[in-house]
Amino acid sequence: METIIIPINQNNIDNEAIVLASQFIHAHQCVAMPTETVYGLAANAWSDEAIQRIFEAKGRPSDNPLIVHVCDQEMLLKCIDQPLNDRILKLMEAFWPGPLTLVFKKSSLISDLVSASLPTVGIRMPDHPIALALIKATQVPLAAPSANVSGRPSPTKGSHVLDDLQGKIAAIIMADQSQVGVESTVLDVSSQTFAILRKGGLSIERLREVDSEIIYDDALIDVNVTPKSPGQKYKHYAPSKPMTFIEGNLLKQLEYLKTISLEHTLLISVDEIINELSGPYMVTLGTKDDFEFALNGLFDILRQSDNMPVTSILVTSYSEKGLGATLNDRLKKASTEKIIL
Ligand code: AMP
Ligand code: MG
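Conventions we followed
Residues numbered from 1 in each chain as written. Chains lettered and ligands numbered in written order. Predicted model: local features only at pLDDT ≥ 70, side-chain atom pairs only at ≥ 80, totals over all residues. Heavy atoms only, no water. Pairing = 2+ DSSP bridges. Helix = DSSP H or I, 4+ residues; strand = E, 2+ residues; numbered from the N terminus. Axes fitted to C-alpha atoms, helices over the stretch in contact; angles between N-to-C directions. Contact = heavy atoms within 4.5 Å. Near = heavy atom within 4 Å. Areas by Shrake-Rupley, 256 points an atom, 1.4 Å probe, with all protein chains shown as cover. Nonpolar A, V, L, I, M, F, W, Y, C, P; charged D, E, K, R; others polar. Parallel < 35°, antiparallel > 145°, perpendicular 65-115°, else oblique. Left-handed = near helix turned anticlockwise from the far one by under 90°. Core = buried A, V, L, I, M, F, W, Y, C linked by side-chain atoms within 4.5 Å. Buried < 20%, exposed > 50% of the residue type's maximum accessible area, 1.4 Å probe, protein only.

Here we look at the sheet that holds strand 13 (residues 265-269)
Here is step 1 of the chain: Read across the open sheet, the five strands follow the order 14-13-15-12-16; overall the sheet is parallel. The outermost strands of the open sheet, each flanked by one partner alone, are strand 14 (282-284) and strand 16 (337-340). Here the average twist between neighbouring strands, direction ignored, is 20°.
Here is step 2 of the chain: Where strand 13 lies against strand 14, three bridges are found, and the strand directions are parallel. Paired with S269 across the strands is T284, a residue of strand 14.
Here is step 3 of the chain: Its contacts with the sheet put helix 13 (residues 324-334) on strand 12 (243-247), strand 15 (312-316) and strand 16, and the angle it makes with strand 12 is roughly 140°.

Written out as structure tokens, the structure reads:
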């Protein structure tokens with residue numbers, strides 16, 4: 001199929017372009033759209049035909065549910081079958097629109113294809129003018145997983161979507177690079193215990209400022225526990241070369257890296273380490289505590305590594321505080337090996 005490119009300036013949104021994109025959505029087709037987390041592959045959440053197309057284009061396992069994107073509370077209420085209690089309303093007020101997916105008991109309008117037969121559905125309000133304009137224009141909730149081929153690093157630029165999905169989807173809205181650069185944090189609010197099912201663009205520390213009882217789901221603490229978020233069990237974000245995750249404090253990492261040859265290896269690390277070493281292929285993700293900056297550039301460099309003349313990749317761990325926990329999660333999932341120092 002021919003993939004139509006729809007360029008849109010997010011600071012001056014062209015209504016005709018939004019109308020064109022919404023026509024594809026109403027024709028049960030998939031449209032890649034920018035969001036603040038990563039680019040999403042959007043389709044009408046009420047249409048099984050459209051949802052099927054998302055799974056086919058991505059090669060996504062059918063037991064991996066989709067996040068549904070809404071633009072207001074009225075749309076949210078159509079998707080869920082539980083009251084919005086004070087705890088949930090406070091979280092929505094603090095973090096919506098934004099990189100927080102809330103998992104609710106699903107309404108009968110949400111098909112089993114979207115929820116992968118789970119009794120729950122993940123919902124988010126994206127903090128992006130184009131995504132919100134598209135949902136408003138279509139007047140339907142948009143199911144949208146990351147717009148990459150399953151298993152590959154998530155797309156943070158329109159060109160990444162083009163590389164993965166050209167010829168497989170109806171249209172791509174081309175806009176700026178995604179600001180957050182990593183997927184949303186998934187928080188289960190379908191029972192009394194509010195638990196994080198997937199780490200993402202919002203840290204547990206920030207969530208706890210609003211609701212101090214939020215915890216990590218057991219599966220995020222103990223690898224032997226089956227994850228409640230099905231996507232967690234798959235290999236993700238992987239570049240095509242073998243990648244090793246080096247876990248340890250900065251001094252130990254530096255000591256170790258000084259002992260090995262970096263001639264054919266891409267080292268992805270922080271200023272504090274890269275500045276002390278020499279090698280032909282070294283990329284810094286900024287200073288060791290600038291987690292937001294690192295997340296913003298991470299998936300792009302993982303994709304670029306496919307075209308570099310290196311045989312392997314080394315990445316160094318971050319501290320577990322704040323969004324450092326999300327960085328470590330993505331780096332571990334993208335890696336084939338791990339060295340603990
Ligand atoms: P992606 O949009 O590609 O970031 O994938 C969506 C992620 O959200 C997957 O890893 C899912 O496992 C998770 N997710 C979506 N809906 C639910 C749900 N109802 N319960 C648990 N996890 C969910
Ligand atoms: Mg994904």
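Side note on the site of ligand 1
Here is step 1 of the chain: Around ligand 1 sit 20 residues, and of these T120, P145, R198, S229 and G231 come closest.
Here is step 2 of the chain: When isolated, ligand 1 has an accessible area of 490 Å², and the protein chains bury 96% of it.
Here is step 3 of the chain: Of all the secondary structure elements, the ones that give two or more residues to the shell around ligand 1 are strand 6 (120-124) and strand 10 (195-198).
Here is step 4 of the chain: For the shell around ligand 1, a count of residues per class yields ten nonpolar, six polar and four charged.

Notes on the packing of helix 12 (residues 291-304) against helix 13
Here is step 1 of the chain: As a packed pair, helix 12 and helix 13 sit with axes 9 Å apart at the nearest point and diverge in direction by 15°. Our classification of the angle between helix 12 and helix 13 gives roughly parallel. In this structure, the crossing between helix 12 and helix 13 has a hand that is left-handed. Taking contact as the criterion, the partners of F291, A294, L295, L298, F299 and L302 in helix 12 are, on helix 13, G324, T326, L327, R330, L331 and A334.
Here is step 2 of the chain: Here the contact of helix 12 with helix 13 is built from residues that sort into nine nonpolar, two polar and one charged.

Some remarks on the nonpolar core
Here is step 1 of the chain: One finds I123 and L187 to be the most contacted residues of the largest nonpolar core, which totals 69 residues.
Here is step 2 of the chain: Membership of the second largest hydrophobic core comes to 33 residues, among which are Y237, L254, F299 and L314.

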